[in-house]
Amino acid sequence: MAVQVLNILASPAKAAAFMLVVLLLNTACHCQAQLTSTFYETSCPNALGTIRTSIRNSIAAERRMAASLVRLHFHDCFVQGCDASILLDETPSVESEKTALPNKDSARGFQVIEKAKAEVEKICPGVVSCADVVAVAARDASAYVGGPSWTVMLGRRDSTTASRTLANSELPSFKASLDSLISSFQKKGLSARDMVALSGSHTLGQAQCFTFRDRIYSNGSDIDAGFASTRKRSCPEVGGDSNLAPLDLVTPNAFDNTYFKNLIQRKGLLESDQILFSGGSTDSIVSEYSRIPATFSSDFASAMIKMGNINPLTGTAGEIRKICNAVN
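Residues numbered from 1 in each chain as written. Predicted model: local features only at pLDDT ≥ 70, side-chain atom pairs only at ≥ 80, totals over all residues. Heavy atoms only, no water.

## Quick word on the state of the cysteines
Inspection of the entire model under this criterion finds 4 disulfides. Disulfide pairing is shown between Cys-44 and Cys-124; the S-S distance is 2.1 Å. On the sign convention where negative is left-handed, the bridge of Cys-44 and Cys-124, at about 90 degrees about the S-S bond, is right-handed. Placement of Cys-44 in the loop between helix H2 (12-31) and helix H3 (47-61) and of Cys-124 in the loop between helix H5 (110-123) and helix H6 (130-144) is noted, with a sequence separation of 80 residues between them. Exposure class is identical for Cys-44 and Cys-124. Each is buried. (Disulfide = S-S within 2.5 Å. Helix = DSSP H or I, 4+ residues; strand = E, 2+ residues; numbered from the N terminus. Buried < 20%, exposed > 50% of the residue type's maximum accessible area, 1.4 Å probe, protein only.)

This is the structure in structure tokens:
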């Protein structure tokens, strides 16, 4: 083999072709680089503990932040992959995703991520990506409020771009049909079962009045009348667009399977919630999760790991941002 290589390198043309092949192979290796749970084991061994402490402190100060951090990871990964693009502010060269319709005045937790990133920068400057901080924060948020934990795969790098256009087109709508939801998740490599499990994160958090007004005033047969009446108290037909209501009225601050029990009782707050149990192909999954909380927890953790693996930047792609809201 060594002799063959020497013979190739003796010819300038062959040498150039050989180096091109090597370059392409190296590039392919970077593209195929896999995330690993031990990525920071030597470069920043205290990274995960530092992030966990910071995230716990933030949720202790505001319980609702747990849901916001899980959602932030989801809204990051569905646009350009899990690359922290959602954290970038608007600049002449960056089109911020924060102002896209699914994120505007609703995506939260940016300062919590910045705070955790700053703590990690103190101990390991320039090592841990914002994209990984977002992924770890989602896991720590779930675990802190009684939800499942999981082994977060690490090694993502941060994007230098963002896309408001993709955020507007690829993040599922609160009025989405079942077929539309299944399709949008399948495009990201997630199954219908993954989609239902991830929707279960709506066991936490709150929604703004404008997102569920049509549902509670439609007098449709797919909503419990008493539930609709209760929700109308804080969401008038006109005005109060930003008034908040818990996505799970029963146990709004606990990660459990009540969300699925609510759907069976026609008490899903958003149209995209109730559509999961409306005579369609996902009814059986909702029923299963409503009966067996351990299965929901396990499937949720698995789906979060899969979601966190959507098109990450690895190897030499992207960068490690110093602060999360701006490129270096």
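## Some words on the nonpolar core
Within the largest apolar cluster, 71 residues are counted, with the highest numbers of intra-cluster contacts made by Leu-87, Ile-113, Leu-276 and Met-307. At 9 residues, H6 tops the list of elements feeding residues into this core. Looking at this core, you find at least three residues from each of domain 1 (46-170) and domain 2 (178-306). Contacts of Met-307, omitting those with residues within four sequence positions, involve His-73, Phe-74, Cys-77, Phe-78, Cys-82, Leu-190 and Leu-198. Of all hydrophobic cores here, the second largest spans 12 residues; its members include Cys-209, Ile-223, Phe-227 and Cys-235. (Core = buried A, V, L, I, M, F, W, Y, C linked by side-chain atoms within 4.5 Å. Domains from an automatic or database assignment. Contact = heavy atoms within 4.5 Å.)

## Some points on the packing of helix H10 (residues 209-217) against helix H11 (residues 225-232)
The contact between H10 and H11 brings their axes to 10 Å, and the two run at 135 degrees. In terms of their interaxial angle, H10 and H11 are classed as oblique. The hand of the H10/H11 crossing is left-handed. Facing H10, whose interface residues are Phe-212, Ile-216 and Tyr-217, H11 presents Ala-228, Arg-231 and Lys-232. The residue inventory of the contact of H10 with H11, partitioned by class, reads 4 nonpolar, no polar and 2 charged. (Axes fitted to C-alpha atoms, helices over the stretch in contact; angles between N-to-C directions. Parallel < 35°, antiparallel > 145°, perpendicular 65-115°, else oblique. Left-handed = near helix turned anticlockwise from the far one by under 90°. Nonpolar A, V, L, I, M, F, W, Y, C, P; charged D, E, K, R; others polar.)

## Some thoughts on the UniProt feature "binding site: Ca(2+) 1" (unreviewed entry) in the protein chain
When the UniProt feature table is mapped onto this chain, "binding site: Ca(2+) 1" (unreviewed entry) is found at Asp-76, Val-79, Gly-81, Asp-83, Ser-85 and Glu-97. Annotated residues spanning 22 residues; largest pairwise C-alpha distance 13.0 Å, indicating a single compact cluster. Among the structural elements, Asp-76 can be located in helix H4 (residues 65-77). Here Asp-76 falls in the buried class, since its relative accessible area comes to 0%. Excluding its chain neighbours within four sequence positions, the residues that come into contact with Asp-76 are Gly-81, Cys-82, Asp-83, Ala-84, Ser-85 and Ile-86. Looking at the secondary structure, you find Glu-97 in the loop between H4 and H5. Setting aside anything within four residues of it in sequence, one finds Glu-97 in contact with Val-79, Gln-80, Ser-85, Ile-86, Asn-103, Ala-162, Ser-163, Arg-164 and Ala-167. (UniProt positions renumbered as here; feature names shortened; annotations may be inferred.)

## Let's talk about the pattern of salt bridges
Between side chains of opposite charge, a pair can form as their charged atoms come close. Under the defined criterion, the tally for this structure stands at 17 salt bridges. Here Asp-140 ties to Arg-139 by a salt bridge, and the two come within 2.7 Å at their closest N and O atoms. Using a relative accessible area of 9% as the deciding quantity, one classes Arg-139 as buried. The closest approach of N and O atoms between Arg-193 and Asp-299, which form a salt bridge, is 2.8 Å. Here Arg-193 is found in helix H9 (residues 192-199), whereas its partner Asp-299 is found in helix H15 (residues 293-307), with 106 residues between them in sequence. Among the residues examined, Arg-193 registers a relative accessible area of 30% and is labelled partly exposed. (Salt bridge = Lys/Arg side-chain N within 4 Å of Asp/Glu carboxyl O.)

## Details of the packing of H3 against H5
Contact geometry for H3 and H5: axes closest at 9 Å, N-to-C directions at 145 degrees. Between H3 and H5 lies a crossing of right-handed hand. Between H3, through Ala-47, Thr-50, Ile-51, Ser-54, Ile-55 and Ser-58, and H5, the contact on the second element is made entirely by Val-112, Lys-115, Ala-116, Glu-119, Val-120 and Ile-123. Grouping the amino acids of the contact of H3 with H5 by side-chain chemistry returns 7 nonpolar, 3 polar and 2 charged.

## Re the UniProt feature "binding site: heme b" (unreviewed entry) in the protein chain
UniProt's feature table lists "binding site: heme b" (unreviewed entry) at His-202, given in the numbering used throughout. Within the secondary structure, His-202 is located in the loop between H9 and strand S1 (206-208).

## Some remarks on the side chain of Ser-142
In this structure, Ser-142 sits in helix H6. Ser-142 sits in the buried class, given a relative accessible area of 0%. Here Ser-142 is in contact with Gly-147, Pro-148, Trp-150, Phe-255 and Phe-300, once residues within four sequence places are set aside.

## Examining the packing of aromatic side chains
Going through the model one piece at a time under the given rule, you end up with 13 aromatic pairs. On the numbers, 5.0 Å between centres and 80 degrees between planes, the contact of Tyr-259 with Phe-260 is edge-to-face. Summarising the burial analysis for this pair, Tyr-259 and Phe-260 share the class buried. Between Tyr-289 and Phe-296, the ring centres sit 5.6 Å apart and the planes meet at 50 degrees, which makes this aromatic pair tilted. Each of the two residues, Tyr-289 as well as Phe-296, counts as buried. Taken together, Trp-150, Phe-255, Tyr-259, Phe-260, Tyr-289, Phe-296 and Phe-300 form an aromatic cluster joined through their ring pairs. Just above the ring of Phe-78 sits the side chain of Lys-188; from NZ or CZ to the centre is 5.9 Å. (Phe/Tyr/Trp six-rings, centres within 6.5 Å; stacked < 30°, edge-to-face > 60°. Lys NZ or Arg CZ within 6 Å of the ring centre and 35° of its normal.)

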